[in-house]
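Working through the structure, step by step
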Amino acid sequence: MKKSVLVLITLFMIVIAFSSNKVISISDARQLKDLQTVTVRGIVTVEPGPYDVNIIIIQDKTGGINLYFRGGQFENVNRGDLVEARGYIWTHRNNTELVLESDNKSHYYKIISRNNPLPNPIKIKTKDINKEQYEGMLLETEGKIVKIDKYDVRKIFIDDGSGEGMVFIRENTGINPALFKTGINMKVIGVLGQYMSAYELWPRDMKDIIVDDVFPPEVETYAIKDNSIYIEFNEPLNEKSIIANKSIRILKGNIKNVELLRNNTIIKIDLETIPENFKLVLRAISDKKGNKTGMKIIPMNKEKDSYSNKVLFDNYHGQTAGNADWVINGAYSDFADAVRDLSLNVDEIKENLDKNILQMYKILVIPEPNKPFKEEEISAILNFVKNGGSLFIIADHGGSDRNGNGWDSPRIFNTFVENFGFKFVGDDLEEAPLKYVYDHEITQGIKNIGVWNGSSIKILKDNVKVLIANSENKPYMVVTNYGKGKVVAIGDSSPFDDGTGDTSDLLHNGWQWGDDAQLAINTIKYLMK
């Protein structure tokens, strides 16, 4: 090759490197093709956390964009910071993002200044939620709630008369979708994003939403434990409306004490003894805005409504991230139906776990999380098991970080499972059927079990029993006791996947394969004892 050609190539590479280091406007960056490297600056309108620890949104005078830190997380970044970032443009399910790779030395973010004024939200009509030109920008709109998706209550449609647009409640915001009803007015601030063909307005927290509240509080679920009744409501209650033997009465029983728990959303009712059959009467219980219930009578049975018949599935820690769909109205719907067929009550939680919620259940199922648990959640889980609760842990293979925040399920679980006497290796097993199935109540009648990319388990204490192992005798499913409770752990989420989740997800129908479904049923039966 001639020297002149080499010089031209070198100059071309220098120009490319220089151009990618030059700060350009966000609107210009959004016009680039995928994988083009670019540097932008903008004010942080969404800090790490509300959408995930590895996602922030920045905005300049020309536009806004989603910054996605693959394999890492944004540290010490706050709303109002001026941030410069370098990465490549990527279209993720039709949403334009700037991707920063944690292992790419040329990618970076840095804080230029702090405490800058936030961009004023652009006021739009509800129909304008569906316009590409606003993607990534902070918007404000107002309209009547005309529809809430019955399969996914996070999808709320509002209309000001111009046409409806979707408000989508992202799982990390702490916003409870149960607070919203059709027919009420909603004023909302949020960032516009896109998921496949749908445009979505994403509020950052409850401060971004103002609604007309004309509905009384509603009972979500209830349970009997020892000599107490726990009633969970969909919103915080006015403590002045909670009066034993007046606004709350037990027919055939006398109330000793009443207290509010979990930010005034749970009523705990203490009795001398729990009758076999009785009626709980709630009357004129109000929320914080003074909306009162009428008279509500709940027939209760000491055995049927016991916490010991209740199973809780976690759906707050990234169970739908990426190609995951480990939820009871998605790819784990057959699993949930099989639990109900055992005459058990099944609920899911889309909030932080704590002791007040967990004491209403006998079994907690945690399917492959992609968001780490907070310290107070870990403490609640450990105490739940220690005091007699049962825990079913479902992990996946190493590197199964479906939302790119640097946390896969083995790493997440390993923040606390060593207390139980084992940890996940984070390797990648694939074998069907697995060679070794050891004798136990859980494995009774089980012969053919598969693992389709799952983690093995390292045993740390003698009281941990191996239930299933691969041909190299690497443990894949284990059982142990912790305090008064039981723990079962398995290294793959695919065996309980029924393939009926989101059509855009790549799912594996392991539920119909071999004895996978029976293994799930046997596990629940064992944990319920």
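In this report, the structure presented in the accompanying data block is examined. Worth saying up front: this structure is predicted, and the values here are computed from it rather than measured.

**Some details on the overall build of the protein chain**
- A tally of helices and strands in the protein chain yields seven helices and 33 strands.
- Overall, the C-alpha framework of the protein chain stretches about 95 × 60 × 35 Å when taken along its three principal axes.
- Here the protein chain, with 529 residues, has 53% of them falling under the buried criterion.
- Restricting the contact set of the protein chain to residue pairs at least 6 apart, pairs at least 24 apart contribute 66%.
- The averaged location of the 72 negative side-chain charges in the protein chain is 4 Å from the averaged location of its 65 positive side-chain charges.

**With respect to the sheet that holds strand E15 (residues 219-225)**
- Spatial strand order, E15-E16-E19-E18: four strands in an open sheet with antiparallel pairing. At either margin of the open sheet sits one strand with a lone partner, and together these are E15 and strand E18 (255-261). Strand after strand, the sheet turns through a mean of 15° between neighbouring axes, direction not considered.
- The sheet contact formed by E15 and strand E16 (residues 228-233) spans six bridges and is antiparallel. By the bridge assignment for E16, lysine 225 is matched with serine 228.

**Re the packing of aromatic side chains**
- As enumerated under the stated definition, the model contains 21 aromatic pairs in all.
- Judged by centre distance (5.3 Å) and plane angle (85°), the rings of phenylalanine 313 and phenylalanine 335 are edge-to-face. One end of the pair, phenylalanine 313, is in strand E22 (residues 310-314); the other, phenylalanine 335, is in helix H3 (residues 333-340), and 22 residues separate them in sequence.
- Each ring, one from phenylalanine 335 and one from phenylalanine 392, has its centre 6.5 Å from the other, and the planes form 80°; the classification is edge-to-face. Of this pair, phenylalanine 335 sits in helix H3 while phenylalanine 392 is found in strand E25 (residues 390-394), placing the two residues 57 residues apart along the sequence.
- Residue phenylalanine 335 is classed as buried on the basis of its relative accessible area of 1%.
- Clustering of aromatic rings is evident, with ring pairs tying together Phe313, Trp326, Tyr332, Phe335, Phe392, Phe496 and Trp511.
- Between lysine 147 and the ring centre of phenylalanine 157, over which it is positioned, the NZ or CZ distance is 4.5 Å.
- Its end group placed over the ring of tyrosine 307, lysine 225 keeps NZ or CZ at 4.9 Å from the ring centre.

**Focus: empty space enclosed by the protein**
- Scanning the entire structure with this criterion turns up two cavities of 30 Å³ or more.
- One number sums up the size of the largest cavity: a volume of about 40 Å³.
- Along the walls of the largest cavity sit Ile57, Asn66, Asn95, Thr96, Glu135, Gly136, Val191, Leu192, Gly193 and Trp202, which together make up its complete lining.
- Counting residues per element, the ones that place at least two in the lining of the largest cavity are strand E6 (95-101) and strand E12 (185-195).
- Broken down by element, the residue count for the lining of the largest cavity peaks at three residues, all from E12.

**Looking at the layout of surface pockets**
- For the second largest pocket, the calculated volume is near 1100 Å³.
- Around the second largest pocket sit 43 residues that line it, and Asn176, Glu220, Glu232, Lys350 and Glu351 are the ones nearest its centre.
- Mapped onto the lining of the second largest pocket, the elements with two or more residues apiece are E15, E16 and strand E23 (345-349).
- Tallied by class, residues from the lining of the second largest pocket come to 19 nonpolar, nine polar and 15 charged.

**Section: the pattern of salt bridges**
- In the structure shown here, the tally under the stated rule is 27 salt bridges.
- Of the charged contacts, one joins lysine 110 and glutamate 84 as a salt bridge, the two residues approaching to 3.8 Å between their closest N and O atoms. Placement of the pair is lysine 110 in strand E7 (residues 108-113) and glutamate 84 in strand E5 (residues 82-92), with a sequence separation of 26 residues.
- Since its relative accessible area comes to 39%, lysine 110 is described here as partly exposed.

Scoring rules and cut-offs
Residues numbered from 1 in each chain as written. Predicted model: local features only at pLDDT ≥ 70, side-chain atom pairs only at ≥ 80, totals over all residues. Heavy atoms only, no water. Helix = DSSP H or I, 4+ residues; strand = E, 2+ residues; numbered from the N terminus. Buried < 20%, exposed > 50% of the residue type's maximum accessible area, 1.4 Å probe, protein only. Contact = heavy atoms within 4.5 Å. Lys, Arg positive; Asp, Glu negative; His and termini not counted. Charge placed at Lys NZ, Arg CZ, Asp CG, Glu CD. Pairing = 2+ DSSP bridges. Axes fitted to C-alpha atoms, helices over the stretch in contact; angles between N-to-C directions. Phe/Tyr/Trp six-rings, centres within 6.5 Å; stacked < 30°, edge-to-face > 60°. Lys NZ or Arg CZ within 6 Å of the ring centre and 35° of its normal. 1 Å grid on protein atoms, 1.4 Å probe; cavity = no way out; pocket = protein on both sides within 12 Å on 5 of 7 lines; lining within 4 Å. Points joined across faces, edges and corners; volume = space filled by probe spheres on them. Nonpolar A, V, L, I, M, F, W, Y, C, P; charged D, E, K, R; others polar. Salt bridge = Lys/Arg side-chain N within 4 Å of Asp/Glu carboxyl O.

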